[in-house]
Amino acid sequence: MTLDSATARIRCRVPEELMPPPGHSLPEIFQLYLDYYRHQVRSEGNIERMRQILVSWDVYLQKSGTLLKGISIQQVDRFLALYNTNYSTGSARSNRSYLRQFLKYIYRNGHIKKDLSALVVSPPEFARSKPPKFLRPHEVQRLFKFMDLSKAKELRIYAAIHLAYYLGLRPGEISSLTLDDISFKQKEIFIRSRKNYSPAHLPAPDNVIKAITAYIVGGRPESKLRILFLQLIPPYKPATSHDISRDTSELMHDSNLPSSIYWLRHSYAQSLLESGASIYEIKEMMGHKSIGSTQKYLSIHINLMREIILDETL
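Residues numbered from 1 in each chain as written. Predicted model: local features only at pLDDT ≥ 70, side-chain atom pairs only at ≥ 80, totals over all residues. Heavy atoms only, no water.

J.: Report on the overall build of the protein, specifying residues and quantitative values.
T.: Helix and strand counts for the protein stand at 14 helices and three strands. Within the protein, buried positions represent 44% of all 314 residues. Sequence-distant contacts, at least 24 apart, represent 61% of the contacts inside the protein between residues at least 6 apart. In the structure as shown, the protein presents an accessible area of about 16,800 Å², 53% of it carried by carbon and sulfur atoms. (Helix = DSSP H or I, 4+ residues; strand = E, 2+ residues; numbered from the N terminus. Buried < 20%, exposed > 50% of the residue type's maximum accessible area, 1.4 Å probe, protein only. Contact = heavy atoms within 4.5 Å. Areas by Shrake-Rupley, 256 points an atom, 1.4 Å probe, with all protein chains shown as cover.)

If you want it as structure tokens, here you go:
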């Protein structure tokens, strides 16, 4: 599908009242965010979806006579309900995520006084539309054996996979790590920003420390930047979460494992469950904002389903 056809497909789903008039241009802050998002993602399809929802959001604000600094969560909810009218459940969930990212950006840059992104919560049925998927231990070992660790790119992926599988880190958490966040002597990794807004010091197994060391020694370009994961083409900018996710997915596909880096995170949750960790402990280790996000992992391991009390007291 070409970008033009994808754009046409998106526009045909947008309600008429949210379509922009001829000659419509985005306000400066909207365009600044779109430029920032383009640098982070570099996927034309995602960029177009983000642009379209920002255009419709701007149209909605103009028609309601609301300034950006005066928006409320009620207006955000009404807009999303209208915008998602013609979208499937899964796509509606993605659209909420797109707007949530923009709201977080304008809050951090001082354009609104309250972080409304934290209040944009998807309905429960959205989360249930795709139950967690995971890799079994022998599949992960097959993935490790498939890798060519003489290549810088695969050393980077190797380290990222260890962080996802043995610590349950999200792609964004992996790409945000700095050299200063890793304590090699104490075997500990500091996660500065998580979805639950609680920084965490996580113990790092020996194999994780070794994988990171192998990447730093044999795969990381020389740079004054303190970000751990760098792109491999000069001028060696920080690797984005998209870089980490894309490269991992490509490797998995090549090794006949049609999965993503999130499957490794889900596998980590399964390991915690098998080890006898409580739901509260899993919630903290996974960096979830709510216990509801954690409870869905209870169905991952079939052999333990009958032994777990869903309403475990915290």
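J.: Any chance you could break down the pairing of strand E2 (residues 188-191) for me, citing the residues and the numbers?
T.: Taking every second residue as pointing to the same face, the buried face of E2 carries Ile189 and Ile191, while none of Glu188 and Phe190 on the other face is buried. In this structure, strand E1 (residues 182-183) lies alongside E2, joined through two bridges in antiparallel fashion. Bridged to Ser183 within E2 is Glu188. Following E1, the chain reverses through four residues before pairing antiparallel with E2; Lys187 in that reversal takes a positive phi of roughly 55°. As judged from the four bridges shared by E2 and strand E3 (residues 200-203), these two strands associate in the antiparallel manner. Residue pairing for E3: Phe190 is matched across the bridge by His201. (Pairing = 2+ DSSP bridges.)

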